[in-house]
Amino acid sequence: MTLFAGVLASCGQQEFRTVDADEFEKAVSAGDVQLVDVRTEDEYNEGHLSFDGVKNIDMKQPDFINRAEEELDKGKTVAVYCRSGRRSADAARQLAERGFKVIDLKGGILEWQQRGKATRR
């Protein structure tokens, strides 16, 4: 009975993967991935990953999940990042709980920049 309950509990949960900058870049470069910067608008405007189509959906805003569900396609992987990886891990968890397939950038944009990868304003 305990095993059965555990299986049922895990069926309702989606998971996300946290990956390093190289794997994140490879996934985003392959296309068909929705790239989301979950920082504030001001942080985003200071610089974001250098890919076309980056969406800025601030996970600190109360409408984060509503905006994500309106703007993102559950049929495509969502790649999230923030400054250091904390907010994006929380955002990834929330998105995964709602059925999105998510990858999270370990170490955030700080790690990305330390690896010499491009950003733009």
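The coordinates are above.
S.K.: Would you mind showing me how to read the nonpolar core here?
M.R.: The tendency in soluble globular proteins is for nonpolar side chains to be buried as a group. Residues Val36, Val38, Phe64, Leu72, Val78, Val80 and Leu95 are the most contacted members of the largest nonpolar core, which totals 16 residues. At the level of secondary structure, the elements contributing two or more residues to this core comprise helix H4 (64–71), strand S5 (77–81) and helix H5 (86–97). Those residues in contact with Val38 that lie beyond four places of it in its chain are Ile57, Asp58, Met59, Phe64, Val80, Tyr81, Cys82, Arg87, Ser88 and Ala91. If you look at the next biggest cluster of nonpolar residues, it comprises 15 residues, including Val19, Val28, Phe51 and Tyr81.

S.K.: How should the side chain of Arg39 be read in this particular structure?
M.R.: Mapped onto the fold, Arg39 is located in the loop between strand S2 (33–37) and helix H3 (41–46). A distance of 3.5 Å separates a polar atom in the side chain of Arg39 from the backbone oxygen of Glu43. Once you skip the residues sitting within four places of it in the chain, Arg39 turns out to touch Tyr44, Gly47, His48, Asn56, Asp58, Tyr81, Cys82, Arg83, Arg87 and Ile109.

S.K.: Before we go on, may I ask you to explain H5 in this structure?
M.R.: In an α-helix, one turn spans 3.6 residues; hence positions three or four apart end up facing the same way. Between the first and last C-alpha of H5 there are 17 Å, a value that for 12 residues agrees with the 16 Å anticipated at 1.5 Å per step. Buried within H5 are the following residues: Arg87, Ser88, Ala91, Ala92, Gln94, Leu95 and Ala96. Elements that come into contact with the buried residues of H5 comprise strand S1 (16–19), H3, H4, S5 and strand S6 (102–105). Positive backbone phi, approximately 95°, marks Gly99, located one or two places after H5.

Conventions we followed
Residues numbered from 1 in each chain as written. Predicted model: local features only at pLDDT ≥ 70, side-chain atom pairs only at ≥ 80, totals over all residues. Heavy atoms only, no water. Core = buried A, V, L, I, M, F, W, Y, C linked by side-chain atoms within 4.5 Å. Buried < 20%, exposed > 50% of the residue type's maximum accessible area, 1.4 Å probe, protein only. Helix = DSSP H or I, 4+ residues; strand = E, 2+ residues; numbered from the N terminus. Contact = heavy atoms within 4.5 Å. Polar contact = N/O pair within 3.5 Å; in protein donor to acceptor, adjacent residues only side chain to side chain. Expected span 1.5 Å × (residues − 1).

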